[in-house]
Each structure stands twice: as C-alpha cells, then as structure tokens.
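Coordinate analysis (summary)
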Amino acid sequence: MISSRTDSTTRDVRAASARGYINSQFNTKQQAFLDFVLSHYVAVGVEELEREKLTPLLRLKYHNSIADAVADLGKPEEIGSIFAGFQKYLYQAVA
C-alpha cells in the first residue's frame, strides 16, 4: 500500500508537469482557476477532479458567486469543458 505522503508527492509531480501544458492552452483567468483546482487535487486527491466537484470548487474560488465565475471563465458549458479538458494534461504529462 502506498502512503498518503507518496500519493501527495505523486499528485504534486503530476500537477507541476501539467502546468506547462495548462499555461500554453488556457488564458490567464482559466489558468488561475485550474491552478486552484490543482492545489485541491494535490492536497485532497483525485476525487477533486470528479465532475460533481466543479460547482463546489467554483463556489469556493469565487466566494460563492457563480456569476463571477461565469464572468471570468465563460458559459457553464465552457467551464465544464475547461475543467474536463485540462485533466488530459494532468495525466499525459507524466506518461
């Protein structure tokens, strides 16, 4: 069994590797949100990347204002696409 410290380190390495891809594919506001998501992924685990975590993460990042999230990131379907889309870089970067 892998220790949680090792899991966290592995997530940290994946997140660090993916940042280069993220920075080249997303605008500054999207990068800020994805960096926020990555920090939660590293601290908590892969469950932070589940689709049902998107709204709670947006509320946390934007101080409970989905309208602010939409203003920064685009329409809800675009936000969903950003959230799902960056994850391929997270796992591709280590492969």
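Nothing here was measured: the structure is a model prediction, and the numbers come from that model.

**Thoughts on helix 3 (residues 54-61)**
Those residues of helix 3 that sit buried are Leu-54, Leu-57 and Leu-58. Taken down its axis, helix 3 places every buried residue within 100° of arc, on the same side. Positive backbone phi, at 50°, marks His-63, one or two positions downstream of helix 3.

**Brief notes about unusual backbone geometry**
Positive phi, normally seen in glycine, also occurs at His-63, with a value near 50°. The residue His-63 is located in the loop between helix 3 and helix 4 (66-73) in this model. A positive phi angle, near 70°, is found at Asn-64, a position not held by glycine. One can find Asn-64 in the loop between helix 3 and helix 4.

**Focus on the packing of helix 3 against helix 5 (residues 76-85)**
Between helix 3 and helix 5, the least distance of the axes is 11 Å, while the angle of their chain directions is 100°. As the angle between them shows, helix 3 and helix 5 are arranged roughly perpendicular. On helix 5, the residues touching Leu-54, Leu-57 and Leu-58 of helix 3 are Ile-79, Gly-80 and Phe-83. When grouped by side-chain class, the residues that make up the contact of helix 3 with helix 5 number five nonpolar, one polar and no charged.

**Considering the side chain of His-40**
With respect to the helices and strands, the residue His-40 is situated in helix 2 (residues 28-44). The class for His-40 is buried, based on a relative accessible area of 19%.

**Observations regarding the nonpolar core**
Counting 24 residues, the largest nonpolar core has Phe-33, Leu-58 and Phe-86 as its most contacted members. Sorting the residues of this core by element identifies helix 1 (4-25), helix 2, helix 3, helix 4, helix 5 and helix 6 (87-92) as the ones contributing at least two each. With seven residues, helix 2 is the single largest residue contributor to this core. Not counting the four nearest positions on each side in its chain, Leu-58 is found in contact with Phe-33, Ile-66, Ala-69, Leu-73 and Ile-79.

**Details of helix 2**
Taking 1.5 Å per residue as the helical rise, helix 2 with its 17 residues ought to reach 24 Å, and the 24 Å between its terminal C-alpha atoms agrees with that figure. For helix 2, every residue scored as buried is listed here: Gln-30, Gln-31, Phe-33, Leu-34, Phe-36, Val-37, Leu-38, His-40, Tyr-41 and Val-42. Among the residues of helix 2, the N-terminal cap falls to Asn-27, whose side-chain oxygen and the backbone nitrogen of Lys-29 are separated by 3.0 Å. Phi turns positive, to about 135°, at Gly-45, one or two residues after helix 2.

Reading the values: rules and limits
- Residues numbered from 1 in each chain as written.
- Predicted model: local features only at pLDDT ≥ 70, side-chain atom pairs only at ≥ 80, totals over all residues.
- Heavy atoms only, no water.
- Buried < 20%, exposed > 50% of the residue type's maximum accessible area, 1.4 Å probe, protein only.
- Helix = DSSP H or I, 4+ residues; strand = E, 2+ residues; numbered from the N terminus.
- Arc of directions from axis to C-beta.
- Axes fitted to C-alpha atoms, helices over the stretch in contact; angles between N-to-C directions.
- Parallel < 35°, antiparallel > 145°, perpendicular 65-115°, else oblique.
- Contact = heavy atoms within 4.5 Å.
- Nonpolar A, V, L, I, M, F, W, Y, C, P; charged D, E, K, R; others polar.
- Core = buried A, V, L, I, M, F, W, Y, C linked by side-chain atoms within 4.5 Å.
- Expected span 1.5 Å × (residues − 1).
- Polar contact = N/O pair within 3.5 Å; in protein donor to acceptor, adjacent residues only side chain to side chain.

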